[in-house]
Amino acid sequence: MARIGIEEEFVLLDEDTLVPLAMSAETVSRITAPHSIGQVMPEFLTCQLECATGPVDTRADAAAQLHDLRASLGAHAAPLHAVVASTGTPLATTRSLAVSSSAHYDAVAAQLAHITRGHVVNGLHVHVEVPDAEERVRALNRVRGWLPALLALSGNSPFAEGLPSGFASWRSILIRRLPASWTPPHFHDLDDYRAQVEQLIAVGAITDPSSLSWGVRISERFPTVEVRICDAQLDVDDILLLAALVRAAVLGDGLGVADGVDSRSAGASTVDAIDASLWTAARRGMDARLLDPTTGEVADAWAVVARLLDVAGPVLQQHGDAEFVADRLARIRAEGTGAQRQERAYAQHGLPGLSALYRTSTDPAAVAAAVAPETDALA
């Protein structure tokens, strides 16, 4: 059974205004103290944090670590009169945020110049263990055509500069400004992958391979394929759904080829064609029309997700994820994606509604009693 690892990014917000709060070095040190399971780390800006699980085999193990890490963040945020929000972008931001202290982040900030200011973006990254290096490249080629479907399901950043943006994933639009972002090219083999990454470094587009912003890449630290297209998610169950689908996409032989279809597979799709679908997924979420990577035809997002379930079914069954995935997709159909739930909370209850939604998603045990009437109204 292939192990997975999950990294999720958060932004610390003032609980009343929902404006990002910069953390002092002392606060960061306290929050990122060693955990018995998993890890909390500083992120790019001083208002951001990242949680990472250890390698896990099962959905239950992943859930336990994610809940534990989120509860720890919520406990640290409460005395600061803050919420740790699992949203792809905050409702509003500020231009005065500093870059977290590290040589890597300093190099990235110097490279990105003005883009750094206010670049508060939070993603969900899923690592899938693939021991063979050449197979990791083949898996990357399989997954790239499914990036739009994964983005459509995971859109959870509907706000920009204090207003509804009209996008399900405004984070994705901000990420698009970065070099080597969205869809990677199709690679012949590992040597081709390395050569193209080195070329990006040579022209000065990125500082090192860890700066790649493709929606899927090969990890430099672990023997994994790392899918990075998804927004940060409100609920742990949303994360587990996406992790199951990502693992199935990475491991599913033949995912890019439908019955009798060879020439228009996911591997053969151009970067422009997949990027066009990523844009519509970012704009409209599960209401988007996307390219079906198995046929090259255009279909609605739910139909493309259904196709993914069809071709990835054996992997989902093997890992015991099929029933959970079906149940969770049914809930998203009924209640909406994260972006839709955020929009509904804000439309009905304004800033307090969003604050309650964020708070209960990061530390439900600590605040359930205090916000139960409010959050019930948001359901």
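Remember, it's a predicted structure, so these values are computed and weren't measured experimentally.

Definitions and limits used
- Residues numbered from 1 in each chain as written.
- Predicted model: local features only at pLDDT ≥ 70, side-chain atom pairs only at ≥ 80, totals over all residues.
- Heavy atoms only, no water.
- Salt bridge = Lys/Arg side-chain N within 4 Å of Asp/Glu carboxyl O.
- Helix = DSSP H or I, 4+ residues; strand = E, 2+ residues; numbered from the N terminus.
- Disulfide = S-S within 2.5 Å.
- Phe/Tyr/Trp six-rings, centres within 6.5 Å; stacked < 30°, edge-to-face > 60°.
- Buried < 20%, exposed > 50% of the residue type's maximum accessible area, 1.4 Å probe, protein only.
- Lys NZ or Arg CZ within 6 Å of the ring centre and 35° of its normal.
- Expected span 1.5 Å × (residues − 1).
- Contact = heavy atoms within 4.5 Å.
- Axes fitted to C-alpha atoms, helices over the stretch in contact; angles between N-to-C directions.
- Parallel < 35°, antiparallel > 145°, perpendicular 65-115°, else oblique.
- Left-handed = near helix turned anticlockwise from the far one by under 90°.

**Thoughts on the pattern of salt bridges**
Point 1. Per the counting criterion, the structure on display carries 21 salt bridges.
Point 2. A salt bridge links Asp 275 to Arg 176; its shortest N-O distance comes to 3.1 Å. With Asp 275 in helix α9 (residues 271-284) and Arg 176 in the loop between α6 (170-175) and β8 (181-182), this residue pair connects regions lying 99 residues apart in the sequence.
Point 3. Salt-bridge contacts for Arg 331 lead to Glu 335; the nearest nitrogen and oxygen are separated by 2.8 Å. Taken as a pair, Arg 331 and Glu 335 lie in helix α11 (residues 322-335) at a separation of four residues, close to a single helical turn.
Point 4. Members of the salt-bridge network, linked through shared partners, are Asp 235, Asp 237, Asp 238, Arg 328 and Arg 341.

**Quick word on the state of the cysteines**
Point 1. On inspection of all chains with the given rule, the structure shows zero disulfides.
Point 2. Just so you know, Cys 230 is unpaired, no disulfide at all, and the nearest cysteine sulfur is the one on Cys 51, 17 Å from it.

**Looking at the packing of aromatic side chains**
Each aromatic ring pair is specified by the distance between its two centres and by the angle formed by the two planes.
Point 1. Applying the stated rule across the entire model yields six aromatic pairs.
Point 2. When the centroid spacing of 5.2 Å and the interplanar angle of 70° are considered together, the rings of Phe 159 and Tyr 346 count as edge-to-face. Highlighted residues: Phe 159 in strand β6 (residues 159-160) and Tyr 346 in helix α12 (residues 338-362), separated in sequence by 187 residues.
Point 3. Aromatic side chains Phe 187 and Tyr 193 sit 5.0 Å apart centroid to centroid with 70° between the ring planes, which places their arrangement in the edge-to-face category. With respect to class, Phe 187 is no different from Tyr 193; both count as buried.
Point 4. Members of the aromatic cluster, joined through ring pairs, are Phe 167, Trp 170 and Trp 279.
Point 5. It is Arg 283 that lies over the ring of Phe 167; its NZ or CZ is 5.7 Å from the centre.
Point 6. Directly above the ring of Trp 302 sits Arg 333, whose terminal nitrogen or CZ lies 4.0 Å from the centroid.

**With respect to α9**
Point 1. Taking 1.5 Å as the rise per residue, α9 with 14 residues should run 20 Å; its terminal C-alpha atoms sit 20 Å apart, in good agreement.
Point 2. Listed in full, the buried residues belonging to α9 are Ile 274, Asp 275, Ser 277, Leu 278, Thr 280, Ala 281 and Ala 282.
Point 3. Summarising the contacts, the buried residues of α9 are in contact with α4 (133-144), α5 (147-154), α6, β8, β11 (224-231) and β12 (289-291).

**Things to note about the packing of helix α10 (residues 301-318) against α11**
Point 1. α11 packs onto α10 with a crossing angle of 160° between their chain directions and a minimal axis gap of 10 Å. Between α10 and α11, the angle is such that the two are roughly antiparallel. Pair α10 / α11 crosses with right-handed handedness. Mapping the contact onto sequence places Trp 302, Val 305, Leu 309, Leu 316 and Gln 317 in α10 and Ala 322, Val 325, Leu 329, Ile 332 and Arg 333 in α11.

**Re the environment of Gly 166**
Point 1. Note that Gly 166 resides in the loop between β7 (163-164) and α6.
Point 2. A residue is classified by how much of its surface remains accessible, and Gly 166, at 33% relative accessible area, is partly exposed.
Point 3. Those residues within four positions of Gly 166 in sequence are excluded, and the remaining contacts are Pro 158 and Arg 283.

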